[in-house]
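# Structural overview for review
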Amino acid sequence: TAMLLRLSLRSAAVVATAAFTGLRKGEIGALRWENYRGNLLYVEKSKWRGHITDPKTKKSKSPVPVISALARVLHRWREVMGNPESGWMFGHGPLNMDNFDDRNIKPFTNNWHGWHAFRRGLSTTLHRLGVADKDIQQILRHEDIKVTQDSYIKTTTSDAVSAMRLLEDLVTLPEISDKANRQ
């Protein structure tokens, strides 16, 4: 969220879409306003090496929920664009994400890790919030839950300590005497 405050509205809309949906960069580049229906983004196309194609897998075509924070950013961006009902979401054609980050992201950030970091960050954040791995798999639209678990959800020692604290809160032992040791 701190990054969003330093960016132009268009750049913030692209970054917020990446951060709060987990879409792949090619999917973001090929988004059209007609893909945004209700509170869902429907992934119908992807831009890969200059070509508009179908998404990576059949599962990738699943819709992704839009949280209210992202909806507000997209609403504001749509207003600035003249409230279009259809057309490319982030420009006059499909967005070249590599050129976009070179011109609109990297100059304003000190520590750019690329678009894929948003997918990993979203999955890790959802996991820390207690969201089931199966639900994270659905949001990222992976065919196999092992991909989600092994490559996207990142845990740390502090995560393990927090998990054990939850267990600690549940476990209460009576005072254990040392009588048994004397016998």
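Quick note: structure is the one above.
Keep in mind that this is a model prediction, so the values were computed, not measured.

### A short note on the nonpolar core
Val-14, Val-15, Met-89, Phe-90, Ile-105, Trp-115 and Phe-118 are the most contacted members of the largest nonpolar core, which has 32 residues in total. Of all the elements in the fold, those that place two or more residues in this core are helix H1 (2-5), helix H2 (9-21), helix H4 (68-80) and helix H5 (97-104). With 7 residues, H2 is the largest single contributor of residues to this core. When residues no more than four places from it in sequence are discounted, the contact partners of Phe-90 are Arg-10, Ala-13, Val-14, Thr-17, Ile-28, Leu-31, Leu-74, Trp-77 and Leu-95. Among the nonpolar cores identified, the runner-up in size contains 6 residues, and Leu-122, Ile-136, Leu-140 and Ile-153 belong to it.

### Some words on the pattern of salt bridges
Tallied over the full model, the rule gives 11 salt bridges. The salt bridge partner of Arg-141 is Glu-27, with a shortest N-O separation of 2.7 Å. Placement of the pair is Arg-141 in the loop between helix H7 (133-140) and helix H8 (145-152) and Glu-27 in helix H3 (residues 25-29), with a sequence separation of 114 residues. The exposure class assigned to Glu-27 is buried, which follows from its relative accessible area of 1%. Lys-146 serves as the salt-bridge partner of Asp-150, at 3.6 Å between the closest nitrogen and oxygen. Of this pair, Asp-150 and Lys-146 both sit in helix H8, 4 residues apart, which is roughly one turn of that helix. The exposure class assigned to Lys-146 is partly exposed, which follows from its relative accessible area of 43%.

### So, the sheet that holds strand S5 (residues 64-65)
Spatially, S1-S2-S5 is the arrangement adopted by the 3 strands of the open sheet, whose pairing is antiparallel. Edge positions in the sheet fall to strand S1 (36-37) and S5, since each has one partner strand and no second. In terms of strand pairing, strand S2 (residues 40-41) meets S5 through 2 bridges, oriented antiparallel. Residue pairing across strands places Leu-41 opposite Val-64, the latter belonging to S5.

### Considering the side chain of Ser-11
Position of Ser-11 relative to the elements: it lies in helix H2. If we skip the residues at most four places from it in the chain, Ser-11 touches Phe-100, Asn-104 and Ile-105.

### Quick notes on unusual backbone geometry
For Arg-49, which is not a glycine, the phi torsion comes out positive at approximately 50°. Looking at where Arg-49 falls in the secondary structure, it is placed in the loop between strand S3 (46-48) and strand S4 (51-53). Although it is not a glycine, Asn-83 sits at a positive phi angle of roughly 55°.

### Points about a nonpolar patch on the surface
A contiguous nonpolar patch, built from Met-164, Leu-167, Leu-170, Val-171, Leu-173 and Ile-176 and spanning about 670 Å² of accessible area, is present on the exposed surface. In this structure, Ile-176 sits in the loop between helix H9 (157-170) and helix H10 (179-182). Residue class for Ile-176 comes out exposed when judged on its relative accessible area of 63%.

### Here we look at the packing of aromatic side chains
Going through the model one piece at a time under the given rule, you end up with 4 aromatic pairs. Arranged with centres 6.3 Å apart and planes meeting at 40°, the rings of Phe-100 and Trp-115 form a pair that is tilted. Residue Phe-100 is located in helix H5, and its partner Trp-115 is located in the loop between H5 and helix H6 (116-128); the two are separated by 15 residues in the primary sequence. When sorted by exposure, Phe-100 lands in the same class as Trp-115, which is buried. Judged by centre distance (5.9 Å) and plane angle (45°), the ring pair of Trp-115 and Phe-118 falls under tilted. Clustering of aromatic rings is evident, with ring pairs tying together Phe-100, Trp-112, Trp-115 and Phe-118. When the ring centre of Trp-88 is taken as origin, the NZ or CZ atom of Arg-32, which lies over that ring, is 4.6 Å away. Taking NZ or CZ as reference, Arg-37 lies 3.9 Å from the ring centre of Tyr-42, over its face.

Parameters and conventions
Residues numbered from 1 in each chain as written. Predicted model: local features only at pLDDT ≥ 70, side-chain atom pairs only at ≥ 80, totals over all residues. Heavy atoms only, no water. Core = buried A, V, L, I, M, F, W, Y, C linked by side-chain atoms within 4.5 Å. Buried < 20%, exposed > 50% of the residue type's maximum accessible area, 1.4 Å probe, protein only. Helix = DSSP H or I, 4+ residues; strand = E, 2+ residues; numbered from the N terminus. Contact = heavy atoms within 4.5 Å. Salt bridge = Lys/Arg side-chain N within 4 Å of Asp/Glu carboxyl O. Pairing = 2+ DSSP bridges. Patch = residues over 30% accessible without salt bridge, like charges linked within 9 Å, V, L, I, M, F, W, Y side chains within 5 Å. Areas by Shrake-Rupley, 256 points an atom, 1.4 Å probe, with all protein chains shown as cover. Phe/Tyr/Trp six-rings, centres within 6.5 Å; stacked < 30°, edge-to-face > 60°. Lys NZ or Arg CZ within 6 Å of the ring centre and 35° of its normal.

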